[in-house]
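Structural characterization, general
Here is what each chain is made of, one letter per residue.
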Protein chains: 2
Amino acid sequence: MRKSTPGGIDLIWTQPPPPPRQRALGRDEIVTAAIGVADESGLDAMTMKAVAARLGDYTPMALYRYVHNKDGLVDLMLDAAAAEIPLPAQPGPDWREDLRTLAMDSRRMIGRHPWFARLVHTRPPAGPHMMRRLEFMLAVLTRRGATVAAAMTYAALIDRHITGSGLQEAEEARIERRYGLDDSAKLFAALATLHELAAADGGLPHLTGWFAQPSGPTPAEQFTLGLGFLLDGIAGRLSSHAADGV
Amino acid sequence: MRKSTPGGIDLIWTQPPPPPRQRALGRDEIVTAAIGVADESGLDAMTMKAVAARLGDYTPMALYRYVHNKDGLVDLMLDAAAAEIPLPAQPGPDWREDLRTLAMDSRRMIGRHPWFARLVHTRPPAGPHMMRRLEFMLAVLTRRGATVAAAMTYAALIDRHITGSGLQEAEEARIERRYGLDDSAKLFAALATLHELAAADGGLPHLTGWFAQPSGPTPAEQFTLGLGFLLDGIAGRLSSHAADGV
DNA sequence: TACGATGTCTATATAACGTATACTCGCTCT
DNA sequence: AGAGCGAGTATACGTTATATAGACATCGTA
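Rules of the game
Residues numbered from 1 in each chain as written. Chains lettered and ligands numbered in written order. Predicted model: local features only at pLDDT ≥ 70, side-chain atom pairs only at ≥ 80, totals over all residues. Heavy atoms only, no water. Helix = DSSP H or I, 4+ residues; strand = E, 2+ residues; numbered from the N terminus. Buried < 20%, exposed > 50% of the residue type's maximum accessible area, 1.4 Å probe, protein only. Contact = heavy atoms within 4.5 Å. Areas by Shrake-Rupley, 256 points an atom, 1.4 Å probe, with all protein chains shown as cover. Least-squares fit on C-alpha atoms with pLDDT ≥ 70 in both. Phe/Tyr/Trp six-rings, centres within 6.5 Å; stacked < 30°, edge-to-face > 60°. Lys NZ or Arg CZ within 6 Å of the ring centre and 35° of its normal. Axes fitted to C-alpha atoms, helices over the stretch in contact; angles between N-to-C directions. Parallel < 35°, antiparallel > 145°, perpendicular 65-115°, else oblique. Salt bridge = Lys/Arg side-chain N within 4 Å of Asp/Glu carboxyl O. Buried area = accessible area lost by both parts, 1.4 Å probe. Polar contact = N/O pair within 3.5 Å; in protein donor to acceptor, adjacent residues only side chain to side chain. Expected span 1.5 Å × (residues − 1). Core = buried A, V, L, I, M, F, W, Y, C linked by side-chain atoms within 4.5 Å. Arc of directions from axis to C-beta.

For chain A, an unreviewed UniProt entry supplies the name TetR family transcriptional regulator and the organism Planotetraspora phitsanulokensis.

See the structure below:
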């Protein structure tokens, strides 16, 4: 940054030796920094300024040589995150297991990068890793007799479930964070507010009851449940027109 | 707005008679205006200034008396949109049909208000209409033997599918709009770019093929397909522990 | 060793956003 | 008639992203 000091002659002695120039930033460093900021401080905190600061003594404008846009940076972040999802070289023997583990791994990635679910829908999914992941799903499904068009649909359904879950969990976490995460009393108070609202309506017995004593499967269990529903549905479709052998 | 004219004495004659004061804005008008702006010009165009302008000769600050911040306005918008979803007074005889039409109506609403899917995850779902809608789903499901906790899960799965579809369709529309919606050549060019990207990778045969000749079910068909999968899955769960009569 | 060229980063400026604060002014009620 | 209130305005501030222009170290070449 190194702003000039206005008013007050700055002798050489007062200034420490300037930091080395030509530090040669790069896309990778920038993207990692951006992901770090977004992971730790949330998507709203991921400003160009914050990313530049995390990289050291840089101005926001320094990044523009490498990413020309914030949207560009977002694209790179999304694909970097997608790259974290392990991808088998070839579909395995069990299509269902292939899709299941891919979905679970994707979910885990989103758990590490909650911003992913919010950003993925704002950009065209043209990153190479995103594409390779989709290609894998298509390979798994078409090998089982699905047309590419049908496979695209099934893949979209699964991805919708993954990002939808991620979105919801991330939002719950964000709200908890916003209203004091560490303090479980705060959380209780927030819930109590909702309970009051529901009770005040008068016509919401089930909801009011649930708020009084919230319970249910964990998010992970909900996720696998829904995933199972979708895979079952896909299985039904696959078997119906895949009369040919494996 | 009626800004003072800087530099240049404004005689009374140059100014038309001032518009009637005490116009008494209200939440309803503001929310309708905000929804109108968001529907017509997109979520990004929905600024306080734009909403105020749509209401007539108002400054952005005029709104703050009624909504105290933009998040509050968003909450009101979300609930107003939720209010558009028709809700039977009582669950009908066929739980599946109840959930199906609710889902279809919700989807139709999102079709009218594409911003809904993007906003709904950013705020706690505490609006009265949102709650009543959820209560209805709970009523339908618990009446069939589900616990409230299980019903909450099923409802979440369905809603995830609804908003996920909405998000995806809205995004596709937004991208098309961004790169020239009326011009189908532009759209073709965008698709060609994706095709090139996929082809350049070399290892994406299915995806490349699909880009060369995109096809598949309409979004509406995809939606009902996925919804069917989920309802089937829920049905399986319901029947398993609902040995008691209706 | 001197010197442009190049490439990297900084400084500055702009337009738009949400919104706090302080005000103006007309209506209404006494 | 005059006080008070309530609706809307004006202005200002701190943030964004980003265009534009300039500073300056390093490098290739002489």
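Having seen the model, we can carry on.
1. Side note on the overall build of chain A
Counting its secondary structure elements, chain A contains 11 helices and 0 strands. Listing each helix as α and each strand as β along chain A from the N terminus yields α-α-α-α-α-α-α-α-α-α-α. Across the 246 residues of chain A, 41% fall into the buried class. For chain A, long-range pairs separated by at least 24 residues make up 69% of all intrachain contacts whose partners lie at least 6 apart in sequence. As presented, chain A carries roughly 13000 Å² of accessible surface, and 58% of it is formed by carbon and sulfur atoms.

2. Details of the relation of the copies chain B and chain A
Laying chain B over chain A is done by rotating through 180° and shifting 0.0 Å along the axis; what remains is an RMSD of 0.1 Å. Taken together, the rotation and translation describe the operation of a two-fold axis.

3. Section: unusual backbone geometry
Phi angles above zero are rare outside glycine, and His68(A) is one such case at about 30°. Relative to the assigned elements, His68(A) resides in the loop between α3 (64-67) and α4 (70-83).

4. Observations concerning the packing of aromatic side chains
Residue and element names in this part refer to chain A. What the rule picks out here adds up to 4 aromatic pairs over all chains. When the ring of Trp115 is compared with that of Phe116, the centres are 6.4 Å apart and the planes differ by 50°; the resulting orientation is tilted. Neither Trp115 nor Phe116 differs from the other in exposure class; each is buried. Ring centres of Trp210 and Phe211 lie 5.7 Å apart, and the angle between their planes is 65°; on these two criteria the pair is classed as edge-to-face. We classify Trp210 as buried; its relative accessible area is 17%. Here Arg107 stacks its cationic end above the ring of Phe223, 5.0 Å away from the centre of that ring.

5. With respect to the packing of α4(A) against helix α7 (residues 128-142) of chain A
Residue and element names in this part refer to chain A. Look at α4 against α7: their axes get within 7 Å of each other, and the N-to-C directions meet at 45°. The pairing of α4 with α7 is recorded here as oblique in orientation. On α7, the residues touching Leu78, Asp79, Ala82 and Ala83 of α4 are Pro128, His129 and Met130.

6. Looking at the pattern of salt bridges
In total, this model carries 22 salt bridges over all chains according to the counting rule given. The salt bridge partner of Asp75(B) is Arg123(B), with a shortest N-O separation of 2.8 Å. Of this pair, Asp75(B) sits in helix α4 (residues 70-83) while Arg123(B) sits in the loop between α6 (115-119) and α7 (128-142), and the two are 48 residues apart along the sequence. Overall, the relative accessible area of 28% leaves Asp75(B) in the partly exposed class. What you see here is one network of salt bridges that share partners, running through Asp71(A), Asp75(A) and Arg123(A).

7. Looking at the interface of chain B and chain A
You'll often see interface size given as the accessible area lost when the parts meet. Of the residues lining the interface, 52 residues belong to chain B; the matching set on chain A comes to 52 residues. Three residues stand out in chain B for area buried against chain A, namely Arg160(B), His206(B) and Phe229(B), and they jointly supply 16% of the buried area on that side. Between chain B and chain A we count 2 salt bridges in total. Residue Asp201(A) pairs with Arg132(B) through a salt bridge whose shortest N-O separation is 2.4 Å. Where chain B touches chain A, the interface holds 12 residue pairs in polar contact (both at pLDDT 80 or more). Those elements giving two or more residues to the side of chain B that touches chain A turn out to be α7, α8 (148-178), α9 (184-201), α10 (205-212) and α11 (219-241) of chain B. When residues of the side of chain B that touches chain A are assigned to their parent elements, the largest contribution, 17 residues, is made by α8(B).

8. Overview of α7(B)
All names here are of chain B. If you check α7, its first and last C-alpha atoms are 20 Å apart, about what 15 residues at 1.5 Å a residue would give, namely 21 Å. Of all 15 residues that make up α7, 11 are buried, and the element is covered over most of its length. Residues Met130, Met131, Arg133, Glu135, Phe136, Met137, Leu138, Ala139, Val140, Leu141 and Thr142 constitute the buried set of α7.

9. With respect to the nonpolar core
Membership of the largest hydrophobic core comes to 134 residues, with the highest contact counts inside it found for Trp115(A) and Trp115(B). Residues within four places of Trp115(A) in sequence aside, it is in contact with Ile35(A), Ala38(A), Asp39(A), Leu43(A), Met77(A), Leu78(A) and Ala81(A).

10. Quick look at helix α10 (residues 205-212) of chain A
The periodicity of an α-helix, 3.6 residues per turn, causes residues three or four positions apart to be oriented the same way. All names here are of chain A. Turning to α10, its buried residues are Leu207, Thr208, Trp210 and Phe211. For α10, the arc enclosing every buried residue in end-on projection is 160°, short of the 170-degree limit, so these residues lie on one face. Residues of α10 that are exposed and point more than 90 degrees away from the buried face comprise Pro205 and Ala212.

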